[in-house]
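What follows is each chain in one-letter form.
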Amino acid sequence: MIKFKKSLSKIISDLEESSPRLKNSLLEISPVNFCINIKNHQNIYIVIDTDNSNVSFEEIEHQFEINGSLFELLKVMITKKMDKNIIKGDVELAITFFNIIFNSNIDLIYLIDKYFGSLPAVFTLAVTKKLFNTSEVYDDIKYRNIRKRLRDISIRLDRLEVIK
């Protein structure tokens, strides 16, 4: 049996750190137990609870199940539109859960910077600006300026480390 309790807790903690609204929203509906059934792959069982979050491949009782191909699930993540036909079980809870995730404004640039470094974060920011044809990704100007300055400092520190 493979359990990812510490990893999932760390990921949820990082997501909550990047999106302050996420923690309060998850507390309102927790605990959430669900299964992701990707065609031609082993089922993934996920429990999201304040202190007992876990991911495993061992079957557990779940409130809803997401069934679909990898392509269908990626489409849901990209478009942020949940197809009710791929949900079995408590459809209302599933829709609520995914709306919380989709509307939490998770700062992906921050997470990419934290896990992969400043260069991939800057690259992702540039690609995001080009794809969405916008000069700004964030709505709040002060927040955006602070993030920009932190990225600039991080890039300068990386350059100094290379020179050493």
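Above this text is the structure in question.
The model shown is predicted, which means the values in this text are computed figures rather than measured ones.

Caption draft 1: Fine view of unusual backbone geometry. Going from Ser 30 to Pro 31, the amide bond is cis rather than trans, its omega being 5°. With respect to the helices, strands and loops of the structure, Pro 31 is situated in the loop between helix H2 (20-29) and strand S1 (32-38).

Caption draft 2: Focus on the nonpolar core. Judged by nonpolar contacts, the single largest core of 24 residues is most densely connected at Phe 34, Phe 64, Ile 66 and Phe 97. Mapped by element, the contributors of at least two residues to this core are H2, S1, strand S2 (44-48), strand S4 (64-68), helix H3 (70-79) and helix H4 (91-102). With six residues, the single largest contributor to this core is H4. Here Ile 66 is in contact with Cys 35, Ile 36, Asn 37, Leu 73, Met 82, Ile 86, Ile 87 and Phe 98, once residues within four sequence places are set aside.

Caption draft 3: Spotlight on the pairing of S1. Most of S1 sits out of view: six of its seven residues are buried. Direction of pairing for S1 relative to S4: parallel, over a ladder of five bridges. For Asn 37, the partnering residue across the bridge sits in S4 and is Asn 67.

Cut-offs applied
Residues numbered from 1 in each chain as written. Predicted model: local features only at pLDDT ≥ 70, side-chain atom pairs only at ≥ 80, totals over all residues. Heavy atoms only, no water. Helix = DSSP H or I, 4+ residues; strand = E, 2+ residues; numbered from the N terminus. Core = buried A, V, L, I, M, F, W, Y, C linked by side-chain atoms within 4.5 Å. Buried < 20%, exposed > 50% of the residue type's maximum accessible area, 1.4 Å probe, protein only. Contact = heavy atoms within 4.5 Å. Pairing = 2+ DSSP bridges.

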